[in-house]
Amino acid sequence: MASELLGSSQLDERLIAKAALDAAEEQLQTLCASHAGTFVSVERRARAMEQALKDLQATIKDVEVKVVEAQKTLEQDEDKESSLAALAENHRVRRRTLLQHSSLLELLELPSLMDACVRSSLYEDALSIAAFSNTLERRHKDSNTVVTRVIVQIRSRQGDLRRHLLHRLKSPVTMPQCLEVVTALRRLNSIDLERQQNSNLERVHAAMEMRLQVDFLENRDAWLDVTTAPASSRPSVALPSASEHLLDAIERYRTRVFEVATQFNAIFRADSSHTESTVSLLGMWMARRIHAFLNLLTTHLASTEDSAQVRDALEASVFFASSMGRLGADFTAQLVPIFETRMHAIVTKPWRDGSAQLKETLNICANAGIAAPLVSHAAVENAADAQLAGDVPLEDPQPPPRLLMEVPPLARFVNAILTGLNELRRCMLPGIVSMLRASLSECIKQTQQDLAANERVVMTPGFKGEAAALREAATRFKTLYADIVEPYIRGSLEASIGNKDGANRYHMVLYENLKEPDTETIPDLEPENFVEESESQAGEADLMPKTISPPITDGQSMDE
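Just so we're clear, the structure is a prediction, and the values are computed from it rather than from any experiment. (Residues numbered from 1 in each chain as written. Predicted model: local features only at pLDDT ≥ 70, side-chain atom pairs only at ≥ 80, totals over all residues. Heavy atoms only, no water.)

Draft legend 1. Focus on the overall build of the chain. Across its full length, the chain carries 19 helices and zero strands. In the chain, which comprises 560 residues, the proportion classed as buried is 36%. Counted over contacts in the chain with a minimum sequence separation of 6, partners at least 24 positions apart contribute 77%. Accessible surface computed for the chain: about 32,800 Å², of which carbon and sulfur atoms make up 55%. (Helix = DSSP H or I, 4+ residues; strand = E, 2+ residues; numbered from the N terminus. Buried < 20%, exposed > 50% of the residue type's maximum accessible area, 1.4 Å probe, protein only. Contact = heavy atoms within 4.5 Å. Areas by Shrake-Rupley, 256 points an atom, 1.4 Å probe, with all protein chains shown as cover.)

Below, the structure is given as structure tokens:
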């Protein structure tokens, strides 16, 4: 019984185990069916990894061959740049360079920094950079390409700095500013001198200093030649006259030349060991500037027609010349020919115009055949008595003869002579006395020739028009001109220049002729040699002539 129970129980356990096994297998199949996609993905990835590993092994084998070959190559070329030791050294250098990155950036920025200092007028900083370039050149000469390029760029900016400093001298600068610029230029010269390999440095330094002085004077010349024409910002203010413009030009030239010479002496002459060369250079510059000033003065005076303006210009020029005398460049003697020539031209211009007007009047009347414009029928009192009744001494300027009112063309000619002589009242120069005498003699001779030519024309047989009146007028003109006009204008000239003896002589001849106006005798009125007396008396008169009587005009009565 027991055995049966035991056998039945064992049978039941096997059945239960089989049933459990079947259930587990069924459950496994269910799970496998539900996770079939995961199993497929894992399989695929496993195969892919297997293939990748195979490829990696193949690549490693290929690289291993190349590495072995490269190692053999590097071990064989240890002395070349491509060797392992050389590459390692280059790598070490690059790492050290990378550690100095900020310092290298500052080094590369030096040229642009110097350029900014030049444009901002920071001369001290720019010069410090230029001096530092010499230090770089000594330390890294031909050893570093980057440093060499930086040095070349700094040298280029150094030239810009020199040009900028010289350009400042072309503008108005005060003495401290001028000294600052010259000091900076000298430091530039010392920087250039530091790079010189020449053994004779003193000679090179002297040449640089001389060049600096020449550059200084040349650039100050450019500022001196700038003409700043005065202009008014307000339209209501009138522009300056020609006289004021000339005086302003002389004063401006004087102040600028004196300023430049003073600056040169203060900067170079005090510090220069070669005083003789410095003085010689300044002397040549001042001689050139004085020559330019004389040319400028001659150009301005050529358009001046007023003797008062000439006198003002003479005073300003003499003051300029005497001021330059303090620097050893007094050029007063060179002013005399310029002003004498201009005053002679101003005085003689009315003379030439009067002679030409007289000739034109005679030609017109002869061609038209009329005599009315040549004579005046107005009543004139006794000319000789009226002339002699005056209290004017014979050595002084005399009033015009009233007898000339009968002949208006001759009166206008005398007016022109007196107009020119009146210019001497404002500016009398002793050196023009002989020139005025010669010019007056030439004018008198030319007028005599014109009167003689007119007489020949009207004396021609068959002359039409008012022949008798024209012939009488021509004869009358010649007589009055020789007896009255010539001694009067010669005496007026001698009186205006202070030659009392000559004036007295001519005026006595004039009054003798006024007493006997019809005489045929023509006295010898050629001027004698009064040069020494006239010059001495003109000097005593302080270079100013005595008053000349105003010229008479057409239609003006002698009483007026």
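Draft legend 2. Just the side chain of T447, in detail. Residue position: T447 is located in helix α16 (residues 433–458). Taking the relative accessible area as the measure of exposure, T447 reaches 0% and is therefore buried. Setting aside residues no more than four positions away along its own chain, T447 makes contact with S355, L358, F413 and Y481.

Draft legend 3. Highlighting the nonpolar core. One finds L161, W285, F293, F331, F339, M343 and L410 to be the most contacted residues of the largest nonpolar core, which totals 110 residues. A per-element tally of this core places helix α17 (residues 467–496) first, with 12 residues. Every residue in contact with F339, bar those within four places of it in the chain, is listed here: L297, L301, V310, A313, L314, S317 and L429. (Core = buried A, V, L, I, M, F, W, Y, C linked by side-chain atoms within 4.5 Å.)

Draft legend 4. Spatial organisation of helix α15 (residues 408–422). Its 15 residues give α15 an end-to-end C-alpha distance of 20 Å, which sits within 8% of 21 Å, the value for a rise of 1.5 Å per residue. Counting buried residues along α15, 13 of its 15 residues qualify, which places the element largely inside the surrounding structure. (Expected span 1.5 Å × (residues − 1).)

Draft legend 5. Region of interest: the packing of aromatic side chains. Here the structure, examined in full by the defined rule, presents nine aromatic pairs. With centroids separated by 6.0 Å and ring planes inclined at 50 degrees, the aromatic side chains of F413 and Y481 adopt a geometry described as tilted. With F413 in helix α15 and Y481 in helix α17, this pair connects stretches of sequence that are 68 residues apart. Take Y481: its relative accessible area is 1%, and that puts it in the buried class. (Phe/Tyr/Trp six-rings, centres within 6.5 Å; stacked < 30°, edge-to-face > 60°.)

Draft legend 6. Molecular detail of the pattern of salt bridges. Evaluation of the coordinates by the stated rule reveals 23 salt bridges. Close ionic contact of K54 with E50 constitutes a salt bridge, the shortest N to O distance being 3.8 Å. Taken together, the positions of K54 and E50, both in helix α2 (residues 36–76) and four residues apart, correspond to about one turn of that helix. For the salt bridge of E251 with R254, the shortest nitrogen-to-oxygen distance reads 2.5 Å. Taken together, the residues E251 and R254, both in helix α10 (residues 242–269) and three residues apart, mark about one turn of the helix. Note on E251: relative accessible area 37%, which makes it partly exposed. Given the relative accessible area of 14%, R254 is considered buried. (Salt bridge = Lys/Arg side-chain N within 4 Å of Asp/Glu carboxyl O.)

Draft legend 7. Highlighting the environment of A126. Structurally, A126 is set in helix α6 (residues 123–139). Linking A126 and L161, residues 35 residues apart in sequence, is a C-alpha distance of 7.9 Å. If near-sequence neighbours (up to four positions away) are discounted, A126 is found in contact with M114, C117, V118 and L161.

Draft legend 8. Representation of the environment of R437 within the structure. Assignment of secondary structure puts R437 in helix α16. Sequence spacing of R437 and R490 is 53 residues, and the spatial spacing of their C-alpha atoms is 8.3 Å.

Draft legend 9. Up close: the side chain of D450. Considering the arrangement of structural elements, one finds D450 in helix α16. No salt bridge is formed by the buried D450. Its closest oppositely charged neighbour is K359, at 4.3 Å. Among all residues touching D450, those that are not within four sequence positions of it are S355, K359 and L362. (Lys, Arg positive; Asp, Glu negative; His and termini not counted.)

Draft legend 10. The arrangement of a nonpolar patch on the surface in detail. On the surface, a nonpolar cluster with roughly 290 Å² of combined accessible area is contributed by L53, L56 and I60. Topologically, L56 is positioned in helix α2. (Patch = residues over 30% accessible without salt bridge, like charges linked within 9 Å, V, L, I, M, F, W, Y side chains within 5 Å.)

Draft legend 11. Examining the packing of helix α8 (residues 175–194) against α10 more closely. It is the contact of α8 with α10, at a shortest axis distance of 11 Å, that shows an interaxial angle of 40 degrees. In terms of orientation, α8 and α10 fall into the oblique class. In this structure, the crossing between α8 and α10 has a hand that is right-handed. On the side of α8, the interface is formed by M175, C178, L179, V182 and R186, while α10 contributes Q263, A266, I267 and F268. Looking at the contact of α8 with α10 residue by residue, the class counts come to seven nonpolar, one polar and one charged. (Axes fitted to C-alpha atoms, helices over the stretch in contact; angles between N-to-C directions. Parallel < 35°, antiparallel > 145°, perpendicular 65-115°, else oblique. Left-handed = near helix turned anticlockwise from the far one by under 90°. Nonpolar A, V, L, I, M, F, W, Y, C, P; charged D, E, K, R; others polar.)

Draft legend 12. Structural detail: the confidence of the model for the chain. In the predicted model, the chain carries a mean pLDDT of 79, and the fraction of residues at 70 or more is 79%. Long-range and interchain partners of residues 381–390, a stretch whose pLDDT sits below 50, account for 15 contacts in this model, where long-range means more than four residues apart. Under a pLDDT of 50 for its full length, residues 517–560 has, in the predicted model, 96 contacts with residues more than four places off or in other chains. (pLDDT = per-residue confidence, 0-100.)

Draft legend 13. Layout of unusual backbone geometry. With a phi angle near 60 degrees, S121 is a residue other than glycine that sits in the positive phi range. For S121, the position within the fold is in the loop between α5 (110–119) and α6. Residue class for S121 comes out partly exposed when judged on its relative accessible area of 33%.

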